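If you want the building blocks of each chain, they are given just below.
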Amino acid sequence: MKTNQSQLFLLHLMVVICLILPKQSFTADNFSRQDNYSVGDSLTILDSLVNFNKVSNNPLAVKYAFKALAVAQRSNSAEQLTNAYKLLGIAYYQNQKDSSFYYYNVAAKFADDSHSEKQKVIILYNLAAIYIIANNYKMAVTFVDSSIRLAESNNDYKGISDGYNMLGLIKVTTHDYTNAKQHFTSALKIAREHLLYEQLGVALGNLARSQFEPDTNKALSIQRDALSYLRRVRGTEEEMSNILINMGYLYVNPDSALFYYKSALSLSENAHLPTIMVGAYNNMAYSYMDKGNYAEAEVCVKDLAIPIALKDQLSDWLSTLYDTYSDVCIKQGDLKKALAMQKKALKERVYDYKQKAAEQVRLLAAQFDLQNKELTIKNEEKKILVQQNQLQKTELGLAIAALLIIISIFVMLFLQHRNRVKFHKEKIDSARRIIEMEESEKGRIARELHDLTGQLVLGISGMIENIEFSEPEIKQLINVRIKELGTSIRRISHRMNRAMIEHFTFSELITGLCLDVQKLVGLKINFEIPDELPELPNELVLHFYRILQELLTNAGKYARQNPVSIVISYQNDELSLLYVDQGPGFSQKEKSKTGMGILNIYERVKLVNGKATFKSEPGIGTRWEFSFPLESKKAIKS
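Residues numbered from 1 in each chain as written. Predicted model: local features only at pLDDT ≥ 70, side-chain atom pairs only at ≥ 80, totals over all residues. Heavy atoms only, no water.

Undergrad: Is there a simple way to explain the pattern of salt bridges in this structure?
TA: Where charged atoms from two side chains of opposite charge come close, those side chains can pair. Under the criterion given, the structure shown has 7 salt bridges. Here Asp112 ties to Lys120 by a salt bridge, and the two come within 2.7 Å at their closest N and O atoms. Under the relative-accessibility criterion, Asp112 is labelled partly exposed at 44%. Using a relative accessible area of 16% as the deciding quantity, one classes Lys120 as buried. In this structure, the salt-bridge partner of Asp323 is Arg349, at a minimum N-O distance of 2.5 Å. With Asp323 in helix H17 (residues 315-332) and Arg349 in helix H18 (residues 335-378), this pair connects stretches of sequence that are 26 residues apart. Taking the relative accessible area as the measure of exposure, Asp323 reaches 6% and is therefore buried. For Arg349, a relative accessible area of 13% corresponds to the buried category. (Salt bridge = Lys/Arg side-chain N within 4 Å of Asp/Glu carboxyl O. Buried < 20%, exposed > 50% of the residue type's maximum accessible area, 1.4 Å probe, protein only. Helix = DSSP H or I, 4+ residues; strand = E, 2+ residues; numbered from the N terminus.)

Undergrad: Just to check I follow, could you spell out a nonpolar patch on the surface for this structure?
TA: A surface patch of nonpolar side chains, about 220 Å² in accessible area, is lined by Leu396, Ile400 and Leu404. Along the polypeptide, Ile400 turns up in helix H19 (residues 381-465). The class for Ile400 is partly exposed, based on a relative accessible area of 38%. (Patch = residues over 30% accessible without salt bridge, like charges linked within 9 Å, V, L, I, M, F, W, Y side chains within 5 Å. Areas by Shrake-Rupley, 256 points an atom, 1.4 Å probe, with all protein chains shown as cover.)

Undergrad: Got a minute to help me understand the packing of helix H10 (residues 177-193) against helix H11 (residues 197-207) in this structure?
TA: Axes are the key here: two packed helices are described by the angle between their axes and the distance separating the axes. Between H10 and H11, the least distance of the axes is 8 Å, while the angle of their chain directions is 155°. Comparing the axis directions of H10 and H11 gives the class roughly antiparallel. Here H10 and H11 pass one another in a crossing that is left-handed. Residues Lys181, Phe184, Thr185, Ala187, Leu188, Ala191 and Arg192 of H10 pack against Gln199, Leu200, Ala203, Leu204, Asn206 and Leu207 of H11. (Axes fitted to C-alpha atoms, helices over the stretch in contact; angles between N-to-C directions. Parallel < 35°, antiparallel > 145°, perpendicular 65-115°, else oblique. Left-handed = near helix turned anticlockwise from the far one by under 90°. Contact = heavy atoms within 4.5 Å.)

Undergrad: Please explain the sheet that holds strand S4 (residues 574-581) as it appears in this structure.
TA: Sheets are built from strands paired through backbone hydrogen bonds, the pairs being either parallel or antiparallel. The 5 strands lie next to each other as S1-S3-S4-S6-S5, forming an open sheet whose pairing is mixed. In this open sheet, the two strands that pair with only one neighbour each are strand S1 (525-528) and strand S5 (611-617). Across the sheet, the mean angle separating the axes of adjacent strands is 5° when strand polarity is ignored. Note that S1 and strand S3 (residues 564-570) share 4 bridges and pair parallel. Opposite Phe527, over in S3, you have Ile566 as the bridge partner. Here helix H22 (residues 506-521) sits on the sheet in contact with S1, S3 and S4, set at roughly 170° to S1. Sitting on the sheet, helix H23 (residues 538-558) touches S1, S3, S4 and strand S6 (621-629), and the angle it makes with S4 is about 5°. (Pairing = 2+ DSSP bridges.)

Undergrad: Would you explain helix H7 (residues 117-133) in this entry?
TA: Along an α-helix, a turn takes 3.6 residues, which lines up residues three or four apart on a common side. Taking 1.5 Å as the rise per residue, H7 with 17 residues should run 24 Å; its terminal C-alpha atoms sit 25 Å apart, in good agreement. Of all 17 residues in H7, 14 are buried; the element is thus mostly enclosed. Asn135 lies just past H7 and shows a positive phi near 60°. (Expected span 1.5 Å × (residues − 1).)

Undergrad: Would you mind showing me how to read the pairing of S5 here?
TA: Moving residue by residue along a regular strand, the side chains alternate between the two faces of the sheet. Every second residue of S5 is oriented toward a common face, the buried set being Ala612, Phe614 and Ser616 and the non-buried set Lys611, Thr613, Lys615 and Glu617. In this structure, S5 lies alongside S6, joined through 7 bridges in antiparallel fashion. Residue pairing for S6: Ala612 is matched across the bridge by Phe626. The antiparallel hairpin formed by S5 and S6 contains 3 residues in its connecting segment, where Gly619 sits at a positive phi of about 90°.

Undergrad: I keep staring at the packing of aromatic side chains and nothing clicks. Help me out?
TA: What characterises a pair of aromatic rings is the spacing of the ring centres plus the angle enclosed by the ring planes. On inspection of all chains with the given rule, the structure shows 20 aromatic pairs. With centroids separated by 5.0 Å and ring planes inclined at 70°, the aromatic side chains of Phe506 and Phe544 adopt a geometry described as edge-to-face. Note that Phe506 is positioned in helix H22 and Phe544 in helix H23, a separation of 38 residues in sequence. The same class applies to Phe506 as to Phe544, namely buried. Lys97 extends its terminal NZ or CZ atom over the ring of Tyr93, reaching a point 4.9 Å from the ring centre. (Phe/Tyr/Trp six-rings, centres within 6.5 Å; stacked < 30°, edge-to-face > 60°. Lys NZ or Arg CZ within 6 Å of the ring centre and 35° of its normal.)

Here's what the structure looks like:
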């Protein structure tokens, strides 16, 4: 499956953007000579090292964060401790969200003590990101709102713009696109007024989403503008890579798409962003499949993307990559291998759900723990701890059980849905093939009938010419009737042939069919057809015509004594047919015993996404109602 890059973009933009200095500026060796620096300088160096290593070498980032804490504790400054605990929150955010949540809360308390409101803006923003991961959007919005209000009171325009961007992302996640666009627009306006290039790029990248800009060319133009701003800011490789992947996703031409995916890959490799590298390779595989280069597509998935995902334990991406590899195998005709890849994809998906569930449980436990500690301060410590520990164990067990049940149900529903869709598609395809065979056979019969009719009419006319009639007028009348019969049969043969049907207008087909049935069968037909109809698809015209043929054939057999009513109408982009006869009808118990004619009608209705209902009872005749949806087009005269 081709990756929905807007979801990847949403996840990565939730993290606070911190300053990243050049790698060669600070290393572990020169930091060991920290006596040459003040506490503030040391913390600045460690801040850079934490942010630089948080993705590529997370254990090292954690190590630097604890060094920062040791430096801050020696200074005994609330402001420095705020920064140190914030760094611990940043370092742990990658792999241990519960620990990150804990350290950010500690940082928030020190920020209150030191009145460090600018730091508090960043801390609240990051706590909101963690609440989003816990699917607690109400708390996330509360924290972002607090961050924005605090940033406004300190004229922190970067914090304001970041906050509105995050509010927009929350609204996108909850499918509230109207408010999401308003928030992104507010973030863009603030960033533009104060020349905040990073925030400008992020806001424009979000506004280029298909939900807000359906025009592909305009969306690409917006994303180019976003890139131009992000290039001016150091450390925005992740945002730029995501935008490049989104741009490649919008291009229909696989070569153009590959250009942007490779550009994103180059950026992400330099910044060591494994998630984006895997996403780029995954989409490159589909572009190569579009070009028919299945060998290169296999290399992208098998030899490049999957090893990265395995190395970095990206189980969510592994499931997607095995799905993609399955698609490549199908293109190569190796269905056995494709099935094996599907099994691997399902296994990785289940494993990923379990991992995410475990992370959610740990994060919920951390949130519950924080609440418990606050309650402990207000009440008797021992009693509250006992009660809360019992409650925590119960809730934790229920949460784990519920999550496992939800995961199991989700997997079962997913498999059932996929099987239903596949079965339905196969059923429709089978019906279409059967009807195509039927149309082909009708065409063959029509050609034979046309050829045979001409010979028979000539033969019978010759025989009659050799017969002496007492009255010449009778001989002449018989010849006329034979020629009329031949003409009618040839018209019928034309309408049996699908190729000939496409040469008539819809009105000519229906009118001709009704007149022929009246003439040949003697059935009286009252029919209405609008003077103006929209342009109808050939497939709909064919199936509509065959359905009406079947109804009139049945009427000619069983309801010839009374008139048949046919009303065709067009209203609200829908073509309708009402058919009523006064034949003998049949009971509902006989409905299951109906012949192939009625089953054929239903199959044809399904093939054009129509609806059909009929009602019949002994002695009251039969009534059919059909409706066929149409795309809205200008009406033309039929």
